[in-house]
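Now for the letters of each chain:
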Amino acid sequence: MPMLLSLLLSPLLVAIKLLLKALPTIQTWIKTLKTTNTNESGICPITIIQFKSTKVVCKILQEIAQTSKTKLLVAAAIQRVAAAMGTEPRQYRGPIIAELIVRQAVTTKLFQTFVTIPATLRLFFHDCFIEGCDASIMIASPNGDAEKDAPDNLSLAGDGFDTIIKAKQAVEAQCPGVVSCADILAMAARDVVFLAGGPLYNVELGRRDGLISKAGRVPGNLPEPTFDLNLLNWIFRKNNLTQIDMVALSGAPPSASPTATASPAVSTHSVPPPQFDNVYYQNLEAGKGLFTSDQVLFTDPASKPTVANYAANPASFAAAFVEAMRKLGRAGVKTGNQGEIRRDCAAFN
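All values derive from a computational prediction rather than experimental measurement.

Here we look at the state of the cysteines
Then, number 1: If you walk through the whole model with that rule in mind, you get two disulfides.
Then, number 2: Two residues, C128 and C133, share a disulfide whose sulfurs are 2.0 Å apart. Residues C128 and C133 share a disulfide whose torsion about the S-S bond is about 120°; that sign makes it right-handed.
Then, number 3: Among the residues examined, C128 registers a relative accessible area of 1% and is labelled buried.
Then, number 4: Overall, C133 belongs to the buried group, its relative accessible area being 1%.

Structure representation (structure tokens):
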């Protein structure tokens, strides 16, 4: 029984440990969300507490109704931390907007596994690099010939797909037929960056979901771990991204970098939880790049100054990363009759 109890409470203990570690530098704020929801029935009480520090971010969006005992325990722990910081959580009753629902789904998944961070980011990178940011990577084919079935995509972790599917289901329950899977994937990618300790930025919305998802269209569209700088620049230019953008995106939290997307050696099982920082560039300066496509960023004179800048200036890296993510999110965007808003992210309507 003690061993079983330990297994059941382990996610809670990890969460509390992270919060306590962040206490000395935590900044707390509570925002009132006032917005319009197209679904008037989407009303439920929400407790919103946000914590952010340079190393650890814990964002709890707890739905009061139908929560598990573990979630209630986690919420109680958060409330105690908030009280210690002199901040009382407040409860708001109002319409739930899509971004709030997606953020809640991502946070819930993160408490289940830290793999959520690199898995979701890699999913976004792979999706945008192939057919554009249109959620074509999400399609499941009974014939095994969809985009996700291509050899270069087989290393994508199932937790990334699960995060988007659950977020979509939650959004559809409140606001059916309004928010595309492509937009949900873009929002979720933003949220995992923030939850890893990175910057919070606005996501441009209005994408439609793609109508094509074929494994045969994947080869030649993803950066390979053996690429040199010229090949990396070539494949990023196809998506209207510069060398500066490419170097910035390469510093994504461990195992999420687009410059290692096609490698089966990439593992998304990261312990401790992945953090958004500039250690990647410091490792390149020390000759510790994992792949050729990593280390070449420092050994090639054309990109070396950018690596040195990001290694010394985390704020410069964060700003460049946000700009690159916004630009990547515009790649191959579908509008109007070029796409649809899927009811199920894994299937065309």
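Picking up where we left off.
A short note on helix α5 (residues 158–174)
Then, number 1: Here α5 is 17 residues long and its end C-alpha atoms lie 25 Å apart, about the 24 Å a rise of 1.5 Å per residue gives.
Then, number 2: Inspection of α5 places G160, F161, T163, I164, A167, K168, V171, E172 and Q174 among the buried residues, and these make up the whole buried set. For α5, the arc enclosing every buried residue in end-on projection is 160°, short of the 170-degree limit, so these residues lie on one face. In α5, the exposed positions angled more than 90 degrees off the buried face are occupied by G158, Q169 and A173.

Topic: the packing of aromatic side chains
Then, number 1: Scanning the model with the defined rule gives nine aromatic pairs in all.
Then, number 2: With a centroid separation of 6.4 Å and an interplanar angle of 45°, the aromatic rings of F124 and F125 are classed as tilted.
Then, number 3: Since its relative accessible area comes to 0%, F125 is described here as buried.
Then, number 4: With a centroid separation of 5.9 Å and 65° between ring planes, the pair formed by F317 and F321 is classed as edge-to-face. Taken together, the residues F317 and F321, both in helix α12 (residues 314–328) and four residues apart, mark about one turn of the helix. By the burial criterion, F317 is buried, and F321 matches it.
Then, number 5: Ring pairing ties together the aromatic residues F276, Y280, Y281, Y310, F317 and F321, which thus form one cluster.

Details of the side chain of D191
Then, number 1: Here D191 shows up in helix α6 (residues 181–195).
Then, number 2: In this structure D191 comes out as buried when scored by relative accessible area, which is 1%.
Then, number 3: A distance of 3.1 Å separates a polar atom in the side chain of D191 from a polar atom in the side chain of R103.
Then, number 4: Only 2.7 Å separates the side chain of D191 from the side chain of R190, close enough to count as a polar contact.
Then, number 5: The residues touching D191, leaving out its near neighbours within four places in the chain, are V102, R103 and V106.

Quick word on the environment of A315
Then, number 1: Within the fold, A315 resides in helix α12.
Then, number 2: On the accessibility criterion, A315 (61% relative accessible area) is exposed.
Then, number 3: Spatially, the C-alpha atoms of A315 and N278 are 9.1 Å apart, while their sequence positions differ by 37 residues.

Focus: empty space enclosed by the protein
Unfilled space is identified by rolling a water-sized probe across the atoms.
Then, number 1: Summed over the entire model, instances satisfying the criterion amount to one cavity of 30 Å³ or more.
Then, number 2: For the largest cavity, the calculated volume is near 90 Å³.
Then, number 3: For the largest cavity, the full set of lining residues is F124, A186, Y201, N202, V203, E204, R207, M325, R326 and G329.
Then, number 4: For the lining of the largest cavity, the per-class residue count stands at five nonpolar, two polar and three charged.

Some thoughts on the packing of helix α4 (residues 116–130) against α6
Then, number 1: Look at α4 against α6: their axes get within 9 Å of each other, and the N-to-C directions meet at 140°. In terms of orientation, α4 and α6 fall into the oblique class. Once α4 is placed against α6, the crossing between them reads as left-handed. Each of T116, I117, T120, L121, L123, F124 and D127 in α4 lies in contact with α6, whose residues at this interface are L185, A186, A188, A189, V192 and V193.

Thoughts on the confidence of the model for the chain
Then, number 1: On average, residues of the chain carry a pLDDT of 75, and 67% of them reach 70 or more.
Then, number 2: Mean pLDDT in the chain bottoms out at strand β4 (residues 91–95), which sits at 29, and peaks at helix α11 (residues 304–312), which reaches 97.
Then, number 3: Predicted confidence for residues 262–270 stays below pLDDT 50, and this span has 21 contacts to residues more than four positions away or in other chains.

Observations concerning helix α10 (residues 292–299)
Then, number 1: For α10, a buried count of six out of eight residues is recorded, marking the element as mostly surrounded by other parts of the structure.
Then, number 2: Considered for burial, the residues of α10 that qualify are S293, D294, Q295, V296, L297 and F298.
Then, number 3: Considering only its buried residues, α10 is in contact with α7 (229–237), α8 (243–250), α9 (279–285) and α11.

A closer look at the packing of α4 against α5
Then, number 1: Contact pair α4 / α5: the axes reach a minimum separation of 7 Å and the direction vectors enclose 80°. Here α4 lies roughly perpendicular to α5, going by the angle between them. Here T116, A119, T120 and L123 of α4 come into contact with α5, specifically with D159, G160, F161, T163 and I164.
Then, number 2: Classifying every residue of the contact of α4 with α5 by side-chain character gives four nonpolar, four polar and one charged.

Reading the values: the criteria
- Residues numbered from 1 in each chain as written.
- Predicted model: local features only at pLDDT ≥ 70, side-chain atom pairs only at ≥ 80, totals over all residues.
- Heavy atoms only, no water.
- Disulfide = S-S within 2.5 Å.
- Buried < 20%, exposed > 50% of the residue type's maximum accessible area, 1.4 Å probe, protein only.
- Helix = DSSP H or I, 4+ residues; strand = E, 2+ residues; numbered from the N terminus.
- Expected span 1.5 Å × (residues − 1).
- Arc of directions from axis to C-beta.
- Phe/Tyr/Trp six-rings, centres within 6.5 Å; stacked < 30°, edge-to-face > 60°.
- Polar contact = N/O pair within 3.5 Å; in protein donor to acceptor, adjacent residues only side chain to side chain.
- Contact = heavy atoms within 4.5 Å.
- 1 Å grid on protein atoms, 1.4 Å probe; cavity = no way out; pocket = protein on both sides within 12 Å on 5 of 7 lines; lining within 4 Å.
- Points joined across faces, edges and corners; volume = space filled by probe spheres on them.
- Nonpolar A, V, L, I, M, F, W, Y, C, P; charged D, E, K, R; others polar.
- Axes fitted to C-alpha atoms, helices over the stretch in contact; angles between N-to-C directions.
- Parallel < 35°, antiparallel > 145°, perpendicular 65-115°, else oblique.
- Left-handed = near helix turned anticlockwise from the far one by under 90°.
- pLDDT = per-residue confidence, 0-100.

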